[in-house]
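Observations on chain architecture
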Amino acid sequence: MNVAVLAGDSLHWLLAGNFNGILEFDLEKQRLASIRLPDEVSCWKLMRAEGGGLGFLGMSGSNCNIQLWKRKANCDGVASWVLGRTIDLENILPLKPEEKGAIAILALAEDNNVLLLWTIIGLFVVDLESLKFKKLFETMIVSHYYPFESVYTAGNTMSYAMVRTKLSCVSISG
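Here is a short report on the structure shown in this document. Computed from a prediction, not measured in an experiment: that's the story for all the values here.

What counts, and where the lines are drawn
- Residues numbered from 1 in each chain as written.
- Predicted model: local features only at pLDDT ≥ 70, side-chain atom pairs only at ≥ 80, totals over all residues.
- Heavy atoms only, no water.
- Helix = DSSP H or I, 4+ residues; strand = E, 2+ residues; numbered from the N terminus.
- Buried < 20%, exposed > 50% of the residue type's maximum accessible area, 1.4 Å probe, protein only.
- Contact = heavy atoms within 4.5 Å.
- Phe/Tyr/Trp six-rings, centres within 6.5 Å; stacked < 30°, edge-to-face > 60°.
- Core = buried A, V, L, I, M, F, W, Y, C linked by side-chain atoms within 4.5 Å.

**Considerations on the environment of V126**
Within the secondary structure layout, V126 lies in strand β11 (residues 122–127). On the basis of relative accessibility, which here comes to 1%, the residue V126 falls in the buried class. Linking V126 and I92, residues 34 residues apart in sequence, is a C-alpha distance of 8.6 Å. Residues in contact with V126, not counting those within four places in the same chain, are L93, N113, V114, L115, L117, K132 and F133.

As structure tokens, this is what we get:
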């Protein structure tokens, strides 16, 4: 599912096909533009960058390295992609050498800043800020999983209700 990402005054969509880029629609100026992505990275998901602005989650080289990129303008106003940070999943997940096969990103829960990952030993949630993980369950089947983020109020107070965010995982088979 290719969803639009609102960053600044523009909506952004990842383009499919031969063009490795992003379609940008400026809401104020009512203009379309295309933004090229770095050639060395395959973009997996557009997102708001840390600190605001446009960013994306990419994978390069081995499938165990995840990169967080952001769009940054220089003093002349020319924007380019800057690598924010690289996360080596082999150092985070408790995988034995024989289990370090494919790692697949299944979903990104942007509001909670967590990834849903599939490995041959099961499904994991990885927090992108703390780099802590939780194994959800064991499965050998790669299915379609969608993060479900909901906000609810706890308690009965009317003016100062505590707001909590809850993350669930919905599996769709078939």
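There is more to say after this.
**As for the packing of aromatic side chains**
Considering all chains together, one arrives at 3 aromatic pairs under this definition. Look at F56 and W69: their rings are 5.9 Å apart centre to centre, the planes differ by 5 degrees, and that puts the pair in the stacked class. Of this pair, F56 sits in strand β6 (residues 54–59) while W69 sits in strand β7 (residues 65–73), placing them 13 residues apart in sequence. Aromatic side chains F124 and F133 sit 5.8 Å apart centroid to centroid with 65 degrees between the ring planes, which places their arrangement in the edge-to-face category. Taken together, the ring pairs in this structure connect F56, W69 and W81 into an aromatic cluster.

**Some points on the nonpolar core**
Counting 20 residues, the largest nonpolar core has L89, L93, L115 and L117 as its most contacted members. Counting residues per element, the ones that place at least two in this core are β6, β7, α1 (89–92), β9 (104–109), β10 (114–119) and β11. Apart from the residues lying within four places of it in its own chain, the contact partners of L115 are L57, I66, I105, A107, L108, F124, V125, V126 and L128. Core analysis: the next-biggest nonpolar cluster, separate from the first, contains 12 residues, I22, V41, L46 and W69 among them.

Function cannot be read off these values alone, since they describe shape.
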